[in-house]
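# Analysis of the macromolecular model
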Amino acid sequence: MLALVLGDAASGKSEFAEKLAMQWASERYYIATMQVADAESQRRIDRHRQMRRGKGFVTLERSLDLAGLQMPSIETAERVALLECASTLLGNELYLPDGAAEKSWQAILSGVNNLQRQQTHLVVVSNCVFADGASLSPEMHEYLYQLGLLNQHLAAAADLVVEVCCGLPLYHKQSPLLKSL
Amino acid sequence: MILVIGGSQQGKLNWVMQNFGYTPEQVLNGRDLALQPEQSLPLAGFKVINHLESLLGNALKQGWQSDELLALQTSLLQLPEDFVVICNSVGGGLVPVERFDREWRELVGRTCCALAAEASQVWRIFCGLPQRLK
């Protein structure tokens with residue numbers, strides 16, 4: 001199964017994604033994407049680590065080249081991985097020196113395919129940042145353009161697409177196999 | 001008239017063309033229109049207005065007054081049953097710093113509410129996935 005969990009900033013999408021992943025398998029991996037750049041990013045990372053504590057996730061750090069990530073083989077019957085998040089990964093690929101630049105969204109999409117091949121279930125978290133009414137710089141426009149394409153391709157491939165608002169799920173797509181959710 | 005809204009980069013236009021069977025030639029792009037207040041919308045041959053938010057933004061830049069903007073809204077409300085208006089949602093960010101941006105997003109939001117009230121169908125496209133609101 002592939003799930004795409006989207007939401008605004010601080011919408012509760014991570015907590016929802018964790019719950020979803022925990023329902024799917026007891027062998028759990030968490031793919032963390034944020035690079036520690038300053039105290040603020042360190043605080044965000046610490047908050048997420050605290051939130052995951054005791055939930056049985058093994059954390060892997062990967063801020064670039066998801067397509068090249070080789071994970072340990074599955075130990076139990078089913079494994080779930082939680083990728084958090086596609087939008088941070090896109091920022092990394094676009095702006096870090098070794099990133100995929102104008103081919104970032106394609107690189108991340110093949111990275112997601114690579115992850116899918118290595119587990120039973122995959123939950124991908126991404127951001128909704130497409131309704132700002134202020135004038136955008138060309139860089140912001142490029143980021144939104146690539147994130148929009150990435151989200152649309154992920155949504156098309158996903159069995160489940162959920163938008164989280166204030167911690168509450170809005171289901172945009174739900175495969176018949178998931179009726180029990 | 002049918003209203004289709006959603007954030008930018010969500011696949012709204014693709015969905016409209018697939019769902020309603022319209023071609024790119026039938027799409028009038030609001031980004032290309034900078035109408036003077038006395039001009040009416042050049043609608044002949046078109047079935048879709050894309051980027052209503054830009055059409056409205058361009059009208060504001062051309063100095064349209066509120067009564068002129070209201071007349072434009074009235075003409076949009078009178079569009080044929082099978083005509084689709086697509087508009088980017090632009091009210092989801094912080095209050096913009098620039099006065100123009102504030103007036104623009106207010107105008108876009110209010111216009112969409114007025115169109116939605118009269119539309120036969122209202123759709124929101126999210127990640128390429130349609131959700132019918134009306």
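Note: the structure precedes this text.
Here goes a summary of the coordinates provided.

What counts and what doesn't
Residues numbered from 1 in each chain as written. Chains lettered and ligands numbered in written order. Predicted model: local features only at pLDDT ≥ 70, side-chain atom pairs only at ≥ 80, totals over all residues. Heavy atoms only, no water. Helix = DSSP H or I, 4+ residues; strand = E, 2+ residues; numbered from the N terminus. Phe/Tyr/Trp six-rings, centres within 6.5 Å; stacked < 30°, edge-to-face > 60°. Buried < 20%, exposed > 50% of the residue type's maximum accessible area, 1.4 Å probe, protein only. Contact = heavy atoms within 4.5 Å. Buried area = accessible area lost by both parts, 1.4 Å probe. Salt bridge = Lys/Arg side-chain N within 4 Å of Asp/Glu carboxyl O. Polar contact = N/O pair within 3.5 Å; in protein donor to acceptor, adjacent residues only side chain to side chain. Pairing = 2+ DSSP bridges. 1 Å grid on protein atoms, 1.4 Å probe; cavity = no way out; pocket = protein on both sides within 12 Å on 5 of 7 lines; lining within 4 Å. Points joined across faces, edges and corners; volume = space filled by probe spheres on them. Nonpolar A, V, L, I, M, F, W, Y, C, P; charged D, E, K, R; others polar. Axes fitted to C-alpha atoms, helices over the stretch in contact; angles between N-to-C directions. Parallel < 35°, antiparallel > 145°, perpendicular 65-115°, else oblique. Left-handed = near helix turned anticlockwise from the far one by under 90°.

Turning next to unusual backbone geometry. Excluding glycine, most residues fall at negative phi; most peptide bonds, likewise, are trans. Across the junction of glutamate 84 of chain A and cysteine 85 of chain A, the peptide omega takes the value -5°, indicating a cis bond. Relative to the helices and strands, cysteine 85 of chain A is located in the loop between β4 (79–84) and α3 (86–95). Positive phi is not limited to glycine here, since glutamine 9 of chain B has a value of about 60°. Within the fold, glutamine 9 of chain B resides in the loop between β1 (2–6) and α1 (12–20).

All names here are of chain B. Summed over the entire model, instances satisfying the criterion amount to 4 aromatic pairs over all chains. On the basis of an interplanar angle of 25° and a centroid distance of 6.3 Å, the ring pair of phenylalanine 20 and tyrosine 22 is categorised as stacked. Judged by its relative accessible area of 22%, phenylalanine 20 is partly exposed. Using a relative accessible area of 13% as the deciding quantity, one classes tyrosine 22 as buried.

So, about the interface of chain A and chain B. In this complex, chain A contributes 20 residues to the contact, which on the side of chain B involves 21 residues. Buried surface at the junction of chain A and chain B, both sides included, amounts to about 1600 Å², of which 57% is carbon and sulfur. There are 1 salt bridge connecting chain A and chain B. Two residues, glutamate 163 of chain A and arginine 124 of chain B, come together in a salt bridge whose shortest N-O distance is 3.3 Å. Our count for the contact surface shared by chain A and chain B stands at 7 residue pairs in polar contact (both at pLDDT 80 or more). At the level of elements, β1 (2–7), α5 (138–157), β6 (160–165) and β7 (168–174) of chain A are the ones that each hand at least two residues to the side of chain A that touches chain B.

Residue and element names in this part refer to chain B. The buried count for strand β4 (residues 84–88) comes to 5 of 5 residues, which makes it a mostly enclosed element. Burial along β4 is two-sided: Val84, Ile86 and Asn88 facing one way and Val85 and Cys87 facing the other are all buried. By the bridge criterion, 5 bridges tie β1 to β4 in an arrangement that is parallel. Residue pairing in the sheet places isoleucine 2 in a bridge with valine 84 of β4.

Time to look at empty space enclosed by the protein. Residues and elements named next belong to chain B. Scanning the model with the defined rule gives 1 cavity of 30 Å³ or more in all. In this structure, the largest cavity occupies an estimated 40 Å³ of space. Contributing to the lining of the largest cavity are Leu33, Ala34, Leu35, Leu55, Asn58, Ala59, Trp64 and Leu72. In terms of residue count, helix α2 (residues 52–61) provides more of the lining of the largest cavity than any other element does, 3 residues in total. In terms of residue class, the lining of the largest cavity is built from 7 nonpolar, 1 polar and no charged.

Attention now moves to the sheet that holds strand β2 (residues 27–32) of chain A. All names here are of chain A. Read across the open sheet, the 7 strands follow the order β3-β2-β4-β5-β1-β6-β7; overall the sheet is mixed. Whereas interior strands pair on both sides, the edge strands pair on one side only; in this sheet they are β3 (57–61) and β7. The sheet shows a mean angle of 20° between the axes of neighbouring strands, taken without regard to direction. Strand direction decides the pairing type here: β6 and β7, joined by 6 bridges, are antiparallel. Opposite leucine 160, over in β7, you have glutamine 174 as the bridge partner. Helix α1 (residues 13–24) rests against β1, β2, β3, β4, β5 (121–127), β6 and β7 of the sheet, and its axis sits at about 175° to β5. The sheet contacts of helix α4 (residues 104–118) involve β1, β2, β4 and β5, and relative to β5 the element is tilted by about 150°.

Okay, the packing of α3 of chain A against α4 of chain A next. Residues and elements named next belong to chain A. α4 packs onto α3 with a crossing angle of 130° between their chain directions and a minimal axis gap of 9 Å. As summarised for this structure, α3 and α4 are arranged oblique, according to the angle between their axes. Helix-helix and strand crossings are classified by hand; for α3 and α4 the assignment is right-handed. Counting all contacts with α3, which are made through Ala86, Leu89, Leu90, Glu93 and Leu94, the residues of α4 involved are Ser104, Trp105 and Ile108.

For the rest of this paragraph, the subject is the packing of α1 of chain A against helix α2 (residues 39–52) of chain A. All names here are of chain A. Viewed as axis vectors pointing N to C, α1 and α2 meet at an angle of 35°, and their least axial separation amounts to 11 Å. By crossing handedness, the relation of α1 to α2 is classed as right-handed. Of α2, the residues touching α1 (which contributes Ser14, Glu15 and Glu18) are His48, Met51 and Arg52. Of the residues that constitute the contact of α1 with α2, the class distribution is 1 nonpolar, 2 polar and 3 charged.

So far we have only geometry, and geometry alone does not tell us how the molecule works.
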